[in-house]
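Here's the letter readout for the chains.
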Amino acid sequence: MKGIKTKIKLFLALAALIVVGIYYYVALPAINIHSTDFWLFLIVALVILLVISVGRKMMHLQTKEDFRDLRYEIRGRKSPKVILAVLAAVIVVFAVGSILSSPIVNAKKYHNLLVPETGNFAEEIEQISYNQIPLLDKASAELLGNRKMGSMVDMVSQFEVSPLYSQINYQGRPVRVTPLVYASPIKWFTNQSNGIPAYITIDMATQDTELVKVPEGIRYSESEYFNRNIYRHLRFQYPTYLFDQLSFEIDDEGTPYWICPVKEFTIGLFGGQTIGKVVLCNAVTGECQSMDVEDCPTWVDRVYPADLLVQMYDYHGTLVNGFINSVLGQKGCLHTTAGYNYLAKDDDVWVYTGVTSVSGDRSNVGFVLMNQRTKETKYYEVAGAEEYSAMESAEGQVQNLGYRATFPLLLNISGEPTYFIALKDNAGLVKKYAMVNIQRYQNVAIGDTVAECEKTYVKMLREEGQVDNTVLTEDASSVTGTIRRMAQGVVDGNTHFYLVLEGNDQIYDVSMAEFMEIVRYDVGDEITLSYLAGDPAATVISLGDDSGEPETDGISAQPEAKSEETEAETTAPAQEVSGESEDGKSAPSEA
């Protein structure tokens with residue numbers, strides 16, 4: 001009889017070990033006292049041990065007497081009492097640790113998790129060129145990625161596109177990159193020996209989409225099922241590490257990596273989360289490198305998840321005068337707006353979001369930029385409309401078309417903080433672009449291209465007196481040359497002259513409404529132009545004499561009289577040849 005009891009206990013113990021092992025393999029809790037999953041794992045394990053220790057009695061619980069006998073059994077035996085004591089202690093430590101880690105008793109520490117520096121917008125945020133502006137949001141990138149995958153007939157039946165789409169800076173350009181995944185468990189079974197064959201990159205400025213093949217195959221990914229699953233691979237390599245949100249990136253040579261931030265808790269057991277280390281895992285070979293954040297290579301862009309940075313800034317803004325004030329009086333409390341975007345700056349990816357008061361008004365007191373690699377944070381005090389007000393303002397300009405605005409991107413346009421917004425149709429395709437002045441959000445410029453949108457926006461700023469010619473000249477370039485070709489067209493009811501100079505294929509756009517004196521010039525004349533770079537045409541902001549000194553800026557200066565001989569040669573303007581382009585505007589014609 002005694003031997004049977006021993007065998008039953010051994011069987012139950014073995015069953016418990018199997019259950020615990022399966023739970024660990026599936027749930028992958030870190031063996032770390034700062035992990036809530038680890039404490040829950042301990043509680044579950046202790047409960048299972050308790051059940052095993054009194055298992056025979058529990059199998060026959062039917063009457064009140066049976067429950068009374070169970071209590072006596074627990075009191076009379078040492079092992080159940082020890083397990084119960086440990087279980088109670090674990091629960092108490094978990095509960096007390098949770099309270100002592102909360103902002104309720106650590107408001108100042110939470111406030112100092114992230115300390116922003118105050119910056120100067122006009123000096124620190126440079127005006128970027130068109131090929132560096134991310135024109136697409138993640139949803140639009142997903143459309144392009146799925147379309148590209150649909151064209152790969154040799155892969156589309158076996159693989160799908162992962163929804164990750166990490167935004168990175170790749171060779172100086174804003175790019176979203178994402179791996180392929182197995183289309184189903186059956187597809188995994190038939191293809192896992194060779195791994196995932198490719199990943200997709202999408203240039204966010206040009207919308208160029210490329211499927212990059214990996215000859216060796218991506219063998220470690222989220223879509224693997226057993227030991228090559230990236231989370232399980234990392235857990236077995238680093239059983240004590242607490243990993244935050246993983247991102248998929250590529251190095252400068254195009255080698256795919258998993259960037260795996262390691263959580264660090266600086267307040268109590270579970271509070272004050274930041275990032276202390278980062279693990280770089282080669283997605284092809286599975287080789288891992290663990291390093292401090294300060295030692296992370298510069299090609300890595302996403303060490304600090306965007307949601308974590310936003311949460312840390314919210315702690316900084318709301319707990320400025322303590323926890324009670326953050327709930328009741330809320331004096332001086334600020335928080336981020338409901339949304340964020342990404343900005344490429346200094347070869348890093350920065351998270352942008354607005355800062356507003358907790359009172360719920362629809363205006364921003366400023367905005368922050370947070371570096372995802374270093375946690376460096378800059379606060380810019382620029383009061384104006386919050387992002388969703390700007391989005392509604394942009395949508396109001398095209399309400400007859402029913403286009404919807406994406407979350408804005410912050411740009412410096414002629415020294416003015418400006419929301420740049422893509423406008424999409426019901427199919428999710430970008431159709432137009434809008435620029436909205438942050439401080440005067442009723443000032444909205446719309447264009448079919450970024451260049452056209454900026455041209456309209458800058459003109460509007462000049463007419464409103466928000467920028468003067470001095471600001472524009474700082475961003476402008478000058479050129480002197482002989483007119484080789486000259487064409488004329490009508491855009492939105494205004495006549496424009498389009499010039500091409502000798503030895504230069506750049507097209508220069510001169511608005512006749514601003515520069516009436518352009519009619520005095522003809523092919524063969526020398527001319528000096530100040531212009532803002534653009535594609536396909538540069539926007540002329542002033543005309544000058546041959547010495548290069550500006551003769552008029554299109555705002556207040558008047559042109560000097562040319563000689564009668566020159567004037568006589570140019571009084572006959574270039575003949576206008578009308579023609580409708582695809583967008584309904586009169587096409588420019590060669591003089």
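Residues numbered from 1 in each chain as written. Predicted model: local features only at pLDDT ≥ 70, side-chain atom pairs only at ≥ 80, totals over all residues. Heavy atoms only, no water.

S.K.: Where do I start with the confidence of the model for the protein in this structure?
M.R.: Low-confidence regions, as indicated by low pLDDT, have predicted coordinates that should not be scrutinised in detail. Looking at the protein, pLDDT values average 84 and 85% of them are 70 or higher. The model gives residues 546-591 a pLDDT under 50, and that stretch makes 80 contacts with residues more than four places away or in other chains. (pLDDT = per-residue confidence, 0-100. Contact = heavy atoms within 4.5 Å.)

S.K.: Looking at this structure, how should I read helix H10 (residues 230-237)?
M.R.: It helps to recall that an α-helix has 3.6 residues per turn; residues three or four apart then point in one direction. For H10, the full list of buried residues reads Ile-230, Arg-232, His-233, Leu-234 and Arg-235. Between the side-chain oxygen of the N-cap and the backbone nitrogen of Tyr-231 there are 3.0 Å, and the N-cap of H10 in question is Asn-229. (Buried < 20%, exposed > 50% of the residue type's maximum accessible area, 1.4 Å probe, protein only. Helix = DSSP H or I, 4+ residues; strand = E, 2+ residues; numbered from the N terminus. Polar contact = N/O pair within 3.5 Å; in protein donor to acceptor, adjacent residues only side chain to side chain.)

S.K.: How do you make sense of helix H14 (residues 450-464) when you look at a structure like this?
M.R.: Counted at 1.5 Å a residue, the expected span for H14 with its 15 residues is 21 Å, and the 21 Å between its end C-alpha atoms agrees. Among the residues making up H14, those that are buried are Val-450, Ala-451, Cys-453, Glu-454, Tyr-457, Val-458, Met-460, Leu-461 and Arg-462. Where H14 terminates, the next one or two residues include Gly-465, which has phi positive at roughly 75 degrees. (Expected span 1.5 Å × (residues − 1).)

S.K.: Please explain the pairing of strand S8 (residues 256-267) as it appears in this structure.
M.R.: Sheet faces and side chains relate simply in a regular strand, where the side chains alternate between the two faces. With respect to burial, S8 is a largely interior element, nine of its twelve residues being buried. From the end of strand S7 (residues 247-250) to the start of S8, which pair antiparallel, there are five residues, and Gly-254 there has a positive phi angle of about 90 degrees. Pairing of S8 with strand S9 (residues 271-282) involves ten bridges; the strand directions are antiparallel. Residue pairing for S9: Ile-259 is matched across the bridge by Leu-280. Connecting S8 to the antiparallel partner S9 that follows it, the hairpin turn spans three residues, and Gly-268 within it adopts a positive phi of roughly 65 degrees. (Pairing = 2+ DSSP bridges.)

S.K.: Looking at this structure, I do not really get the side chain of Ser-326. What am I missing?
M.R.: Considering the arrangement of structural elements, one finds Ser-326 in helix H12 (residues 323-327). Residue classification places Ser-326 among the buried residues on the basis of a relative accessible area of 16%. Those residues within four positions of Ser-326 in sequence are excluded, and the remaining contacts are Thr-318, Leu-319 and Cys-333.

S.K.: Whenever I open this one, the pattern of salt bridges confuses me. Can you help?
M.R.: Opposite charge on two side chains permits them to pair, given that their charged atoms come into close proximity. Summed over all chains, the structure comprises 15 salt bridges. Of the charged contacts in the structure, one is a salt bridge between Lys-455 and Asp-509, with a shortest N-O distance of 2.3 Å. One end of the pair, Lys-455, is in helix H14; the other, Asp-509, is in strand S25 (residues 507-511), and 54 residues separate them in sequence. Classification of Lys-455 by relative accessible area gives partly exposed; the value is 26%. Between Arg-484 and Asp-505 there is a salt bridge, with its nearest N and O atoms 3.3 Å apart. Separated by 21 residues along the polypeptide, Arg-484 in strand S23 (residues 477-491) and Asp-505 in the loop between strand S24 (494-501) and S25 bring together distant segments of the chain. A relative accessible area of 31% means that Arg-484 is categorised as partly exposed. Connected via shared salt-bridge partners are Glu-117, Glu-124 and Lys-378. (Salt bridge = Lys/Arg side-chain N within 4 Å of Asp/Glu carboxyl O.)

S.K.: Would you take a moment to explain the pairing of strand S10 (residues 288-292) for this structure?
M.R.: Here five bridges tie S9 to S10, and the two strands are oriented antiparallel to one another. Within S10, the residue paired with Cys-281 across the bridge is Cys-288. The antiparallel pairing of S9 with S10 creates a hairpin that spans five residues between the two strands, and Gly-286 there sits at a positive phi of about 80 degrees.

S.K.: Explain the sheet that holds S10 to me, please; I cannot follow it from the model alone.
M.R.: Hydrogen bonds along the backbone pair up the strands of a sheet, which may run parallel or antiparallel. Taking strand neighbours across the sheet as the criterion, the four strands line up as S7-S8-S9-S10 in an open arrangement whose pairing is antiparallel. Edge positions in the sheet fall to S7 and S10, since each of these pairs with one other strand and no more. Recorded for the sheet is a direction-independent mean angle of 35 degrees between the axes of neighbouring strands. Relative to the sheet, H10 contacts S8, S9 and S10, its axis offset from that of S9 by approximately 105 degrees. (Axes fitted to C-alpha atoms, helices over the stretch in contact; angles between N-to-C directions.)

S.K.: Please explain the packing of aromatic side chains as it appears in this structure.
M.R.: Each pair of aromatic rings is reported with the distance of its centres and the angle of its planes. Evaluated as defined, the whole model comprises 22 aromatic pairs. On the basis of an interplanar angle of 50 degrees and a centroid distance of 5.2 Å, the ring pair of Tyr-257 and Trp-299 is categorised as tilted. Highlighted residues: Tyr-257 in strand S8 and Trp-299 in the loop between S10 and helix H11 (306-318), separated in sequence by 42 residues. The burial state of Tyr-257 is the same as that of Trp-299; both residues are buried. (Phe/Tyr/Trp six-rings, centres within 6.5 Å; stacked < 30°, edge-to-face > 60°.)

S.K.: Would you mind showing me how to read the nonpolar core here?
M.R.: Generally speaking, nonpolar side chains in soluble globular proteins are found buried as a group. In this structure, Phe-420, Ile-421 and Leu-423 are the most contacted members of the largest nonpolar core, which totals 43 residues. Mapped onto this core, the elements with two or more residues apiece are strand S13 (348-357), strand S15 (366-371), helix H13 (387-397), strand S19 (409-413), strand S20 (416-424), strand S21 (430-437), strand S22 (444-447) and H14. Apart from the residues lying within four places of it in its own chain, the contact partners of Ile-421 are Ala-390, Met-391, Ala-394, Ala-405, Thr-406, Pro-408, Lys-432, Tyr-433, Ala-434 and Val-436. By size, the runner-up hydrophobic cluster in this structure holds 42 residues, among which are Leu-144, Tyr-182, Val-262 and Ala-283. (Core = buried A, V, L, I, M, F, W, Y, C linked by side-chain atoms within 4.5 Å.)

S.K.: It is not clear to me how the side chain of Glu-249 should be interpreted in this structure. Could you clarify?
M.R.: Take Glu-249: it is sitting in strand S7. Comment: no salt bridge for buried Glu-249; closest opposite-charge side chain is Arg-302, at 5.0 Å. Within the structure, Glu-249 has its side chain in polar contact with the backbone nitrogen of Asp-301 (distance 3.0 Å). Among residues more than four places away in sequence, those in contact with Glu-249 are Ile-168, Val-177, Thr-255, Pro-256, Tyr-257, Ile-259, Trp-299, Val-300, Asp-301 and Arg-302. (Lys, Arg positive; Asp, Glu negative; His and termini not counted.)

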